[in-house]
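# Working through the structure, step by step
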Amino acid sequence: MPALFIPLIRIPILSILSKHSPMDKLAEIMAHKRHEIATRERPVSDRELARFGEAKRPGLSFAQALDQPGRLGVIAEIKRRSPSAGEIKDIASAAEQARRYTNAGTDCISVLTDEKYFGGSLRDLWDVVEFQVTTGRHVPCLRKDFMVHPLQIAEAAEAGARAILIIVRALDDDTIARLRDGATLAGLDALFEIHDERDLERALKHGAKLVGVNNRDLSTFKTNLGLSEKLIPQIPEGVLAISESGIFTAEDAARVREAGARAILVGEALMRAEDPEKLLQELREA
């Protein structure tokens, strides 16, 4: 079978990002991620990915779990730190945080697996999925990372993730297509993250069915819910629109729902909350 192989060339990504800024934080993170993956890079065949897709998995897919008629779907994120917020919460166990989210009724869980910038690991994803399996809960998980190579898809599928993230702004069209196709082969949903109209146009060109508007400007790391209010009405019916970042209260959730969001991704607010179960319930009911 042909292999999905993406040479880890650094110049094109910087060329793409130069349209936004000479060298912003996202460019720095992506350059590091390509270097990190290069240390363990190998070809990944279609057949290797397809074997994951052929395996029977319990529960709903990531997209199915988020599609909640009459209310917002919620993706609760496990995030120890970030470049913008610094240390958020020092948790000993990702599985314990997943337990709190699951008990509160989250629809999906996002697990940060980037170590350098977000303090996560692939082990966190394994632990969260293992918790779901052993308790019979089966809340679908997103591998939240900076995807550049099909190897990361294979790792996500092997760990039990049900979705991957594709940051449109950070990738050229060939890489997006390879990641999208690889995710499809592996039976994973692809969440296309956008920041502006150009990103949305490119995501739709690639057949995106899940589109997340990141309210955080990854050049400055400031959040603005106005981005969701501007971009979500432009997302076609039939594409599930998600508002990401900058959502801290039920009022914030209601604001993006009014703009047309059908789901939200919330990390920092839930990680910092004294009672994340209570906050999650409030977000669901916004």
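Refer to the structure above for everything that follows.
So, here is what we can say about the structure in this document. Nothing here was measured: the structure is a model prediction, and the numbers come from that model.

Cut-offs used in this document
- Residues numbered from 1 in each chain as written.
- Predicted model: local features only at pLDDT ≥ 70, side-chain atom pairs only at ≥ 80, totals over all residues.
- Heavy atoms only, no water.
- 1 Å grid on protein atoms, 1.4 Å probe; cavity = no way out; pocket = protein on both sides within 12 Å on 5 of 7 lines; lining within 4 Å.
- Points joined across faces, edges and corners; volume = space filled by probe spheres on them.
- Nonpolar A, V, L, I, M, F, W, Y, C, P; charged D, E, K, R; others polar.
- Helix = DSSP H or I, 4+ residues; strand = E, 2+ residues; numbered from the N terminus.
- Buried < 20%, exposed > 50% of the residue type's maximum accessible area, 1.4 Å probe, protein only.
- Contact = heavy atoms within 4.5 Å.
- Pairing = 2+ DSSP bridges.
- Axes fitted to C-alpha atoms, helices over the stretch in contact; angles between N-to-C directions.

## Quick notes on empty space enclosed by the protein
As enumerated under the stated definition, the model contains one cavity of 30 Å³ or more in all. Computed from the structure, the largest cavity encloses a volume of approximately 340 Å³. Lining the largest cavity are 28 residues, with K79, K144, N214, R216 and S245 positioned closest to its centre. For the lining of the largest cavity, the class distribution of residues is 14 nonpolar, six polar and eight charged.

## Some words on the side chain of S61
Looking at where S61 falls in the secondary structure, it is placed in the loop between α3 (46-54) and α4 (62-66). The buried category is assigned to S61, whose relative accessible area is 17%. Contacts of S61, omitting those with residues within four sequence positions, involve P140, R162 and D189.

## A few points about the sheet that holds strand β11 (residues 240-244)
The strand order around the closed barrel formed by eight strands is β3-β6-β7-β8-β9-β10-β11-β12, and the pairing between neighbours is parallel. Neighbouring strand axes in the sheet, compared pairwise and without regard to direction, differ in orientation by 25° on average. Where strand β3 (residues 73-78) and strand β6 (residues 108-112) come together, four bridges link them in parallel fashion. Looking at β6, one finds that E77 is bridged to S110.

## A word on the pairing of β3
With six of six residues buried, β3 is to be regarded as a mostly interior element. Burial along β3 is two-sided: G73, I75 and E77 and V74, A76 and I78, pointing in opposite directions, are all buried. In the sheet, β3 pairs with strand β12 (residues 263-266) via four bridges, with the strands oriented parallel. Paired with A76 across the bridge in β12 is V266.

## A few points about the environment of G53
Among the structural elements, G53 can be located in helix α3. Sequence spacing of G53 and T184 is 131 residues, and the spatial spacing of their C-alpha atoms is 7.7 Å.

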